[in-house]
Amino acid sequence: MLILIAGPYRGGTNDDPSLMQQNLEKLESVALPIFRLGHVPMIGEWVALPLVHLAGSKKPGDDAWNEIQYPVAHRLLEKCDAVLRLPGASAGADNDVRIARERGLTVYYDIKEIPGVTS
């Protein structure tokens, strides 16, 4: 499965870059375990952040940021098979879960819920 990892990135950081980096590291902390279960992990920021930079964003929430940041996750959800929702307040991640449910995708709330792939 292609599994979108959703959780806080910008939320609760007051746009502090070091706190946003810490949140990204929390998202990334489950990527390797998902891979080792036989799946492909995906984090929207892995795609969005380079695009936001290329679009000339100067700070979170500016026009270039808003054009790309959340729409990337929505487009990824068209390709994903499931979502892993990590704990923490995040309007963006909550919206990802809503969209995933509308599309009939499985939403996991703990990595232990994700089945491993047997060959």
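The sections below set out a description of the structure shown in this document. (Residues numbered from 1 in each chain as written. Predicted model: local features only at pLDDT ≥ 70, side-chain atom pairs only at ≥ 80, totals over all residues. Heavy atoms only, no water.)

Here the distance between the centres and the angle between the planes together describe a pair of aromatic rings. As enumerated under the stated definition, the model contains one aromatic pair in all. Taking 6.3 Å as the distance between ring centres and 15 degrees as the angle between the ring planes, the aromatic pair formed by Tyr9 and Trp65 counts as stacked. Note that Tyr9 is positioned in the loop between β1 (2-6) and α1 (17-28) and Trp65 in helix α4 (residues 63-77), a separation of 56 residues in sequence. (Phe/Tyr/Trp six-rings, centres within 6.5 Å; stacked < 30°, edge-to-face > 60°. Helix = DSSP H or I, 4+ residues; strand = E, 2+ residues; numbered from the N terminus.)

Pairing between side chains of opposite charge can happen when the charged atoms of each approach one another. A full pass over the atoms with the stated rule returns four salt bridges. Here Arg103 makes a salt bridge to Glu78, at a shortest N to O gap of 3.9 Å. Of this pair, Arg103 sits in the loop between α5 (91-102) and β4 (106-108) while Glu78 sits in the loop between α4 and β3 (82-85), placing them 25 residues apart in sequence. Looking at Arg103, the relative accessible area reads 41%, which means it is partly exposed. (Salt bridge = Lys/Arg side-chain N within 4 Å of Asp/Glu carboxyl O. Buried < 20%, exposed > 50% of the residue type's maximum accessible area, 1.4 Å probe, protein only.)

Looking now at α4. The terminal C-alpha atoms of α4 lie 22 Å apart, and with 15 residues this matches the ideal 21 Å at 1.5 Å per residue to within 8%. Pro71 marks where α4 bends most, by close to 30 degrees. Along α4, the residues classified as buried are Ala64, Trp65, Ile68, Gln69, Val72, Ala73, Leu76 and Leu77. Turning to α4, the residues buried within the fold contact β1, α1, β2 (40-42), α3 (44-54), β3 and α5. (Expected span 1.5 Å × (residues − 1). Bend = angle between axes of the 7 residues up to and from the residue. Contact = heavy atoms within 4.5 Å.)

Paired through their backbone hydrogen bonds, the strands of a sheet run either parallel or antiparallel. The four strands are arranged β2-β1-β3-β4 in an open sheet whose pairing can be described as parallel. Either end of the sheet is taken by a strand with one partner, and the two such strands are β2 and β4. Strand-to-strand twist of the sheet, defined as the mean angle between neighbouring strand axes without regard to direction, takes the value 30 degrees. Across three bridges, the pairing between β1 and β2 is parallel. Residue pairing for β2: Ile3 is matched across the bridge by Pro41. (Pairing = 2+ DSSP bridges. Axes fitted to C-alpha atoms, helices over the stretch in contact; angles between N-to-C directions.)

Attention now goes to the packing of α4 against α5. α5 packs onto α4 with a crossing angle of 25 degrees between their chain directions and a minimal axis gap of 10 Å. Considered as vectors, α4 and α5 are oriented roughly parallel to each other. Helix-helix and strand crossings are classified by hand; for α4 and α5 the assignment is right-handed. Across from Tyr70, Ala73, His74 and Leu77 in α4, the residues of α5 making contact are Gly92, Asn95, Asp96, Ile99 and Ala100. By residue class, the composition of the contact of α4 with α5 is five nonpolar, three polar and one charged. (Parallel < 35°, antiparallel > 145°, perpendicular 65-115°, else oblique. Left-handed = near helix turned anticlockwise from the far one by under 90°. Nonpolar A, V, L, I, M, F, W, Y, C, P; charged D, E, K, R; others polar.)

Taken together, the side chains of Trp46, Val47, Leu51 and Leu54 make up a nonpolar region of the molecular surface, amounting to roughly 370 Å² of accessible area. Examined against the element boundaries, Val47 turns out to sit in helix α3. By relative accessible area, which is 30% here, Val47 ends up partly exposed. (Patch = residues over 30% accessible without salt bridge, like charges linked within 9 Å, V, L, I, M, F, W, Y side chains within 5 Å. Areas by Shrake-Rupley, 256 points an atom, 1.4 Å probe, with all protein chains shown as cover.)

In this section: the side chain of Glu45. On the secondary structure map, Glu45 appears in helix α3. Although buried, Glu45 forms no salt bridge, and the nearest oppositely charged side chain, Arg10, lies 9.9 Å from it. Excluding residues that lie within four positions of it along the chain, Glu45 makes contacts with Tyr9, Leu24, Leu27, Pro50 and Gln69. (Lys, Arg positive; Asp, Glu negative; His and termini not counted.)

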